[in-house]
Amino acid sequence: MHRRDLPWRRRGCSPWGVLVSEVMLQQTPVARVEPVWHRWMERWPTPAALAGAPAGEAVRAWDRLGYPRRALRLHAAAGAVVERHGGRVPDGEEELRSLPGVGAYTAAAVAAFAFGRRTVVVDTNVRRVHARAVGGRALPAPALTAAETALAGRLLPADAPTAATWSVAVMELGALVCTARAPRCGSCPLVRRCAWVAAGSPPDDGPPRRGQAWEGTDRQCRGRLLQVLREAEGAVAGGRLRAVWPEELQRERCLDGLVADGLVEPLADGRYALPGSPR
DNA sequence: GACACGTGGCC
DNA sequence: TGGCCAAGTGT
């Protein structure tokens, strides 16, 4: 096995660094996260540092990682850490889980990888490895099931530090070898014991997966609008937004949605800006 | 439980 | 070439 030397997996990385990485990695590939994570940690090395910055600056620094509401939630999580935990990232799954943007996976991951706690870490990689090696299926079900969590719990080593290492290893296996498309079974340490390989590597028998529509969607529209705001120094006039999305009805709906989400702030003079950013 | 939510790279 | 996929969460 090859364990990647990722900055948030190094010994000296703070729990805050681990939390930032886990939120950034939600639905986003490692390669795109790395440079943004480095800039982020240099600028905001502690939860208090981020909490002291305007939310809009977090959105801007999020750059093109996608799903920018995560930046807003991370900013809110930093505030909650300062308010409720004295500025230290908590080490318990329950306290972590109560932070904005931290769900079951992220809470378990931070508890395990930042604090060495024995938690059941189940992400898409773990699910795929287990579906194949144990379940004999090409891909896991569309949504996480209680049975999958239970299985992951049974497979987890009893010793806490070993359990954390185990979780990293299974995730790395899923990310580098047991990949969704074109898995490298030839270099997999589990080939001999893989139920899916033993069954002849049958194709996925689940329901066809619906691809995410993109062209012309609200998501694309929101992305365009926010990109203009991110790249602008301060506030921008409505005309700048009109230019990147001419269709008025949809543009206004998306703008309203961005404002409702707290990603955009409408100014009294009719212009728009990232929330709290310098005018 | 289904849906909304960004972005870019890969085969 | 374009559908598929990437360390999910909140509603």
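Because the structure is predicted, anything quoted here is derived from the model rather than measured.

A. Layout of the UniProt feature "domain: HhH-GPD" (unreviewed entry) in chain A. Mapped onto the present numbering, the UniProt feature "domain: HhH-GPD" (unreviewed entry) falls on residues 24–176. As annotated, residues 24–176 comprises 64% helix and 0% strand, and the C-alpha atoms at either end are separated by 19 Å.

B. Structural view of helix 1 (residues 15–24). Counting buried residues in helix 1 gives nine out of 10 residues, a clear majority hidden from the surface. Turning to helix 1, its buried residues number three or more, namely W16, G17, V18, L19, V20, S21, E22, V23 and M24. Residues of helix 1 that are buried in the fold lie against helix 2 (30–43), helix 3 (47–51), helix 5 (69–85) and helix 7 (104–115).

C. Region of the structure containing the protein's contact with DNA strand C. Taken together, 31 residues form the shell around DNA strand C, and within it G101, G103, T106, D123 and N125 come nearest. Here DNA strand C approaches the protein such that, of its atoms within 4 Å, sugar and phosphate make up 68%. A distance of 2.6 Å separates a phosphate oxygen of DNA strand C from a polar atom in the backbone of G101. In the environment of DNA strand C, a phosphate oxygen lies 2.7 Å from a nitrogen or oxygen atom belonging to the side chain of N125. Among the elements of the structure, helix 2, helix 7, helix 8 (124–133) and helix 10 (160–176) are those that each provide at least two residues to the surface near DNA strand C. Considered class by class, the residues forming the surface near DNA strand C number 12 nonpolar, nine polar and 10 charged.

D. Examining the packing of helix 1 against helix 2 more closely. Contact geometry for helix 1 and helix 2: axes closest at 10 Å, N-to-C directions at 140°. Seen along the crossing, helix 1 lies across helix 2 with a hand that is right-handed. On helix 2, the residues touching W16, G17, V20, S21 and M24 of helix 1 are V33, V36, W37, W40 and M41. Here the residues of the contact of helix 1 with helix 2 are counted per class, giving eight nonpolar, two polar and no charged.

E. How the structure looks around the protein's contact with DNA strand B. In the vicinity of DNA strand B there are 18 residues, among which R64, P68, R69, R210 and R222 approach most closely. Contact between DNA strand B and T28: a base nitrogen at 3.0 Å from a side-chain N or O atom of the residue. At 2.8 Å, a backbone N or O of Y67 approaches a sugar or linking oxygen of DNA strand B. Tallying contributions element by element places helix 12 (residues 218–231) first for the surface near DNA strand B, with five residues. Per-class residue counts for the surface near DNA strand B are four nonpolar, five polar and nine charged.

F. Fine view of a nonpolar patch on the surface. Nonpolar side chains collect at one region of the surface, where V134, L155 and W166 lie side by side and expose about 240 Å² of accessible area between them. Tracing the chain through its elements places L155 in helix 9 (residues 146–155).

G. Representation of the pattern of salt bridges within the structure. Here the structure, examined in full by the defined rule, presents 13 salt bridges. Close ionic contact of R4 with E172 constitutes a salt bridge, the shortest N to O distance being 2.6 Å. One end of the pair, R4, is in the segment before helix 1; the other, E172, is in helix 10, with 168 residues separating them in the sequence. For R4, a relative accessible area of 28% gives the class partly exposed. In this structure E172 comes out as buried when scored by relative accessible area, which is 7%. One salt bridge in this structure joins R117 and D91, with 3.4 Å as the shortest N-O distance. You can see R117 sitting in the loop between helix 7 and helix 8 and its partner D91 sitting in the loop between helix 5 and helix 6 (93–97), a full 26 residues away along the chain. Take D91: its relative accessible area is 36%, and that puts it in the partly exposed class. Ionic contacts of the salt-bridge type, sharing partners, join the residues R43, E57 and R60 into one network.

Definitions and limits used
- Residues numbered from 1 in each chain as written.
- Chains lettered and ligands numbered in written order.
- Predicted model: local features only at pLDDT ≥ 70, side-chain atom pairs only at ≥ 80, totals over all residues.
- Heavy atoms only, no water.
- UniProt positions renumbered as here; feature names shortened; annotations may be inferred.
- Helix = DSSP H or I, 4+ residues; strand = E, 2+ residues; numbered from the N terminus.
- Buried < 20%, exposed > 50% of the residue type's maximum accessible area, 1.4 Å probe, protein only.
- Contact = heavy atoms within 4.5 Å.
- Near = heavy atom within 4 Å.
- Polar contact = N/O pair within 3.5 Å; in protein donor to acceptor, adjacent residues only side chain to side chain.
- Nonpolar A, V, L, I, M, F, W, Y, C, P; charged D, E, K, R; others polar.
- Axes fitted to C-alpha atoms, helices over the stretch in contact; angles between N-to-C directions.
- Left-handed = near helix turned anticlockwise from the far one by under 90°.
- Patch = residues over 30% accessible without salt bridge, like charges linked within 9 Å, V, L, I, M, F, W, Y side chains within 5 Å.
- Areas by Shrake-Rupley, 256 points an atom, 1.4 Å probe, with all protein chains shown as cover.
- Salt bridge = Lys/Arg side-chain N within 4 Å of Asp/Glu carboxyl O.

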